[in-house]
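Chains, contacts and geometry: an overview
Each chain is listed here by its residues.
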Amino acid sequence: MYRFAPSPTGDMHIGNLRVAIFNYIASLQDKSGFVLRIEDTDKERNIEGKDEQIMEILRQFGIKWDTLYYQSKNLKFHQEFAARLLIDKKAFLCFCDDETLEAKRQEAAENSKAYRYDGSCENLSDDEVLNNPRPAALRLKAPKTTQKFIDKIKGEIVFEPENIDSFVLLRADKTPTYNFACAIDDMLEGVTMIIRGEDHVSNTPKQNLIREALGYTQEISYAHLPIILNMEGKKMSKRDNSSSVSYLLQKGYMPEAIANYLILIGNKTPCEIFTLEQAASWFDISNISRSPAKFSEEKLAQINREHIKLASDDRLVELGFSSPDLARFYTQESSLIPEIIAKIEAINAPKIIPKQWQKEADEIRKVILNMQIPHSFEELKIVIADETNLKGKSLFMPLRLLLTGAEHGPELKDLYPLIKSDIKEIVAK
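Quick caveat, the model's predicted, so the values are computed rather than measured.

With that out of the way, let us pick up the packing of aromatic side chains. Inspection of the entire model under this criterion finds 8 aromatic pairs. Relative to Phe295, the ring of Tyr261 lies with its centre 5.2 Å away and its plane at 75 degrees, an arrangement referred to as edge-to-face. Here Tyr261 is found in helix α9 (residues 255-264), whereas its partner Phe295 is found in the loop between β12 (293-294) and α11 (297-310), with 34 residues between them in sequence. Grouping residues by exposure puts Tyr261 and Phe295 together as buried. Between Arg139 and the ring centre of Tyr117, over which it is positioned, the NZ or CZ distance is 3.7 Å.

What holds strands together in a sheet is hydrogen bonding between their backbones, with the strands either parallel or antiparallel. The strand order across the open sheet built from 3 strands is β1-β2-β3, with neighbouring strands paired in parallel fashion. On the outer flanks of this sheet lie β1 (2-4) and β3 (67-70), each paired with one strand and no other. The average angle at which neighbouring strand axes cross in this sheet is 25 degrees, direction not considered. Alignment of strand β2 (residues 34-38) against β3, held across 4 bridges, turns out to be parallel.

Further remarks concern helix α15 (residues 358-369). For α15, which comprises 12 residues, the first-to-last C-alpha distance of 16 Å matches the rise-based estimate of 16 Å (1.5 Å per residue) to within 8%. Restricting attention to buried positions, one finds in α15 the residues Glu360, Ala361, Ile364, Arg365, Val367 and Ile368. Down the axis of α15, the buried side of the element spans an arc of 165 degrees, and every buried residue falls inside it. Turned more than 90 degrees from where α15 packs its buried face, Lys359 and Lys366 sit exposed. Its buried side turned inward, α15 meets α16 (377-388), α17 (393-404) and α19 (423-428).

Pairing is antiparallel across the open sheet formed by 3 strands, whose spatial order is β4-β5-β8. At either end of the open sheet lies a strand with only one pairing partner, and these are β4 (91-94) and β8 (168-170). Between one strand axis and the next, the sheet turns by 45 degrees as a mean value, whatever way the strands run. Bridging between strand β5 (residues 137-140) and β8 involves 2 bridges; their strand directions are antiparallel. Across the sheet, the residue bridging to Arg139 is Val168, located in β8.

This part covers the UniProt feature "binding site: ATP" (unreviewed entry) in the chain. Feature annotation in UniProt assigns "binding site: ATP" (unreviewed entry) to the following positions: Lys238. Tracing the chain through its elements places Lys238 in the loop between β11 (228-229) and α8 (245-251). The class of Lys238 is exposed, set by a relative accessible area of 80%.

Close contact between helix α6 (residues 178-188) and helix α7 (residues 203-213) brings their axes to 9 Å; oriented N to C, the two are set at 60 degrees. In this view, α6 runs oblique relative to α7, as classed from their interaxial angle. Between α6 and α7 lies a crossing whose hand is right-handed. Taking contact as the criterion, the partners of Tyr178, Asn179, Phe180, Cys182, Ala183, Ile184, Asp186 and Met187 in α6 are, on α7, Asn203, Lys206, Gln207, Ile210 and Arg211. Here the contact of α6 with α7 is built from residues that sort into 7 nonpolar, 3 polar and 3 charged.

Here we come to the nonpolar core. Ile21 and Ile285 are the most contacted members of the largest nonpolar core, which totals 92 residues. It is helix α1 (residues 14-30) that provides the largest number of residues to this core, a total of 9 residues. Leu85, Leu170, Ala213 and Tyr222 belong to the second-largest nonpolar core, a separate cluster that totals 26 residues.

What follows concerns the UniProt feature "domain: Glutamyl/glutaminyl-tRNA synthetase class Ib catalytic" (unreviewed entry) in the chain. According to UniProt, the feature "domain: Glutamyl/glutaminyl-tRNA synthetase class Ib catalytic" (unreviewed entry) maps to residues 3-301 in the numbering used here. Along residues 3-301 the backbone is 36% helical and 15% strand, and the end-to-end C-alpha distance reaches 30 Å.

Rules and cut-offs
- Residues numbered from 1 in each chain as written.
- Predicted model: local features only at pLDDT ≥ 70, side-chain atom pairs only at ≥ 80, totals over all residues.
- Heavy atoms only, no water.
- Phe/Tyr/Trp six-rings, centres within 6.5 Å; stacked < 30°, edge-to-face > 60°.
- Helix = DSSP H or I, 4+ residues; strand = E, 2+ residues; numbered from the N terminus.
- Buried < 20%, exposed > 50% of the residue type's maximum accessible area, 1.4 Å probe, protein only.
- Lys NZ or Arg CZ within 6 Å of the ring centre and 35° of its normal.
- Pairing = 2+ DSSP bridges.
- Axes fitted to C-alpha atoms, helices over the stretch in contact; angles between N-to-C directions.
- Expected span 1.5 Å × (residues − 1).
- Arc of directions from axis to C-beta.
- Contact = heavy atoms within 4.5 Å.
- UniProt positions renumbered as here; feature names shortened; annotations may be inferred.
- Parallel < 35°, antiparallel > 145°, perpendicular 65-115°, else oblique.
- Left-handed = near helix turned anticlockwise from the far one by under 90°.
- Nonpolar A, V, L, I, M, F, W, Y, C, P; charged D, E, K, R; others polar.
- Core = buried A, V, L, I, M, F, W, Y, C linked by side-chain atoms within 4.5 Å.

Here it is, written out as structure tokens:
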């Protein structure tokens, strides 16, 4: 069982989408199932409607989930498992207030040490616990042994016990921390493989410790994906527009192309252009590079052109193209859907002819409207030249304006076969 577990706290980042794609592909390969879990327990940061936006983006990319969970619905289970850990003395109540803990963090920072909880509440007597009026958080007892796991990308990762303290499971308001909720949910949902970003590497031993303390024996495998860098070699952030999936879609990249590119970067693939379904036939998470992948919008644009060329007529119509053939043709000039649509619309729109070419355009229009449309562009050109005595730029510039609505563009002889059946309607506007 695989899962994608986004938080509804902002726009989906390409790193999040890459995680979703890789988990989904892996679930297609072994047909084990795919869970979508909306991690909505951080009520203050949740943004209304972001969960629906996440689901809509996944649908656009053809990602289907077998089960949908909202993490907040599992709160009773989080609290029940917390109570079990307390009863089994694998966790303890901590009455330290925020001011006390912050002072200890500051002291550690001033001494250039990493802060670790010092266990001051771990050995309180029953009386001290029962008679303490302050609110309490629940902490898991710190491990005494080295924690190891095998990452399918990074290899063996080791955490010594001094690097994991008695971390919080339940806050004083009885809501679960990220690691506790995540560990419990993965256990309840039967997740067997977790593919996620490398910023979660340090969370993995904590989540393993939680499940181990509860007696859970099902092994969970891990793969932590390296970060994605911008062209300057820095980690992509919200300041990078292209880090937003919504931005890329609105700009005019096909979901198929974005998915293709996110699978391609930092990966060993048998070919460069492919669909999600094709990738499922050869994808291997162990082929992902341990080094960060660099995001190039220029490369994405090239892949977008190829997917427009490969798309079916029905798919291109879905994307807003009135003529699939012209859409494919104009990939030689543009990469983005809105740019190509604008070029096609200009062909069929009323033409605005500059004053310097108005006379010649009128003469050419008259000839075309009164002729039998020839098979080839060469024949068209000869007939127009004979009828108007125009040649050179005086022939080709007004003709181009009449046919395309633009002064520059593709070779007219290449465009002609695609528009000749509608040419009288095109020049009449």
